[in-house]
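Topology and contacts: notes
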Amino acid sequence: MTERPNFDEEELSVISELGFLLISGNTNTSTTAAKLNISQELQTWSYQLVGDFLYTQSESEVDGKTEDVASAQKLFLSSQFDYKFTDTNNRLFVYSDFERDRFNDYRYQAALAAGWSSRLWNNEQSELRYSIGPGYSISDEMPDTITEDQNGFIVRAAMEYKCKISPQATFRQYLSTEADNEYTRTKSESSLSTRLSGALAMKLSIILNHDSGINNTDEELDTEAAVTLVYQFL
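Glancing now at the overall build of the protein. Summing up its helical and strand segments, the protein has 0 helices and 12 strands in all. The helix and strand sequence of the protein, counted from the amino end, reads β-β-β-β-β-β-β-β-β-β-β-β. Counting all 234 residues of the protein, 35% fall into the buried class. Contacts spanning at least 24 positions in sequence make up 47% of the contacts within the protein whose residues lie at least 6 apart.

Once that is clear, we can look at the pattern of salt bridges. Counting across every chain of the model gives 16 salt bridges. Of the charged contacts in the structure, one is a salt bridge between K74 and E224, with a shortest N-O distance of 3.4 Å. With K74 in strand β4 (residues 65–84) and E224 in strand β12 (residues 221–232), this pair connects stretches of sequence that are 150 residues apart. Owing to a relative accessible area of 16%, K74 belongs among the buried residues under this scheme.

Looking now at the side chain of S205. For S205, the location among the structural elements is in strand β11 (residues 200–211). S205 sits in the buried class, given a relative accessible area of 6%. Those residues within four positions of S205 in sequence are excluded, and the remaining contacts are E189, S190, S191, E224, A225 and A226.

Our focus in this paragraph is the pairing of strand β7 (residues 126–141). The pairing of strand β6 (residues 106–122) with β7 spans 13 bridges and is antiparallel. Bridge pairing in β7 places S118 opposite Y130. As consecutive antiparallel partners, β6 and β7 are separated by 3 residues. Inspection of the sheet shows β7 paired to strand β8 (residues 152–166) by 12 bridges, in the antiparallel sense. In the sheet register, S137 faces β8, and the bridge partner there is G152.

This paragraph deals with the confidence of the model for the protein. In this model, the protein carries a mean pLDDT of 86, and residues with pLDDT of at least 70 account for 85%. Across the protein, strand β9 (residues 169–179) holds the top mean pLDDT of 96, while strand β1 (residues 12–23) sits lowest at 85. Under a pLDDT of 50 for its full length, residues 1–5 has, in the predicted model, 3 contacts with residues more than four places off or in other chains.

Tracing the backbone shows F98 in strand β5 (residues 90–101). Judged by its relative accessible area of 30%, F98 falls in the partly exposed class. In sequence terms F98 and A110 are 12 residues apart; their C-alpha atoms lie 4.4 Å from each other.

Moving on: the environment of Q173. Tracing the backbone through its elements, the reader meets Q173 in strand β9. The exposure class assigned to Q173 is buried, which follows from its relative accessible area of 18%. Sequence-wise, Q173 and L192 are 19 residues apart; in three dimensions their C-alpha atoms are separated by 9.0 Å. Those residues in contact with Q173 that lie beyond four places of it in its chain are M159, E160, Y161, S188, E189 and S190. Polar contacts involving the side chain of Q173 include one to the side chain of S190, which spans 2.4 Å.

What follows is about the packing of aromatic side chains. Given two aromatic rings, their pairing is described by the distance between the two centres and the angle made by the two planes. Enumeration over the complete set of coordinates arrives at 7 aromatic pairs. Ring geometry for Y136 and F153: centres 5.2 Å apart, planes at 85°, overall edge-to-face. Remark: F153 occurs in strand β8 and Y136 occurs in strand β7; sequence separation between them is 17 residues. Judged by its relative accessible area of 68%, F153 falls in the exposed class. Taken together through their ring pairs, the aromatic side chains of W45, Y83, F85 and W116 make up a single cluster. A cation sits over an aromatic face here: R156 above Y95, 3.5 Å from the ring centre.

The rules we used
Residues numbered from 1 in each chain as written. Predicted model: local features only at pLDDT ≥ 70, side-chain atom pairs only at ≥ 80, totals over all residues. Heavy atoms only, no water. Helix = DSSP H or I, 4+ residues; strand = E, 2+ residues; numbered from the N terminus. Buried < 20%, exposed > 50% of the residue type's maximum accessible area, 1.4 Å probe, protein only. Contact = heavy atoms within 4.5 Å. Salt bridge = Lys/Arg side-chain N within 4 Å of Asp/Glu carboxyl O. Pairing = 2+ DSSP bridges. pLDDT = per-residue confidence, 0-100. Polar contact = N/O pair within 3.5 Å; in protein donor to acceptor, adjacent residues only side chain to side chain. Phe/Tyr/Trp six-rings, centres within 6.5 Å; stacked < 30°, edge-to-face > 60°. Lys NZ or Arg CZ within 6 Å of the ring centre and 35° of its normal.

Quick look at the structure:
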């Protein structure tokens, strides 16, 4: 009997995304988004490395002159390493992330966490996995801001669900939160990928970032909606 394929069918996966939006007319704005996702399933280990970059440039009047200035610039890096037990669905994980947003109140925000990771199921149609554990968060505030540094112990929890709607389309829902007794940072990403040809696909995604630790002058919730081209190298 032939073994049924699943979401681990490819041992090494390297996926890149690129999106570009240009608006002209009464307002001239350009946005560039890029992402790289590398993951691999080994016999006793698995890992995932993610790099995400967003840059927006808009027209603005400076000293009576119209110039193109940056209005958004964000870099996010994360890594997760899992050690598998005899039952490979049960694992121990170590996670780290680093974020630098030029237009918030921090020079950077980072976190390190470790704990329990488990894959509840994995078959040819869908996959659901989660992780939870304690960690430590570090943030460095910008000068001349009323926001305080957020350094301390946290609890991190994450969940990822994938479902193959058809041979050409895949839905993914990712949700993570990092919380202590004073603040929470939560990220939700919903996406639908449709294969165009070979290794090339188109992806529609909606990303929600909620941070309760920012000052009262900024919105706690940021929303991003994007259409990107996705290329899977391996």
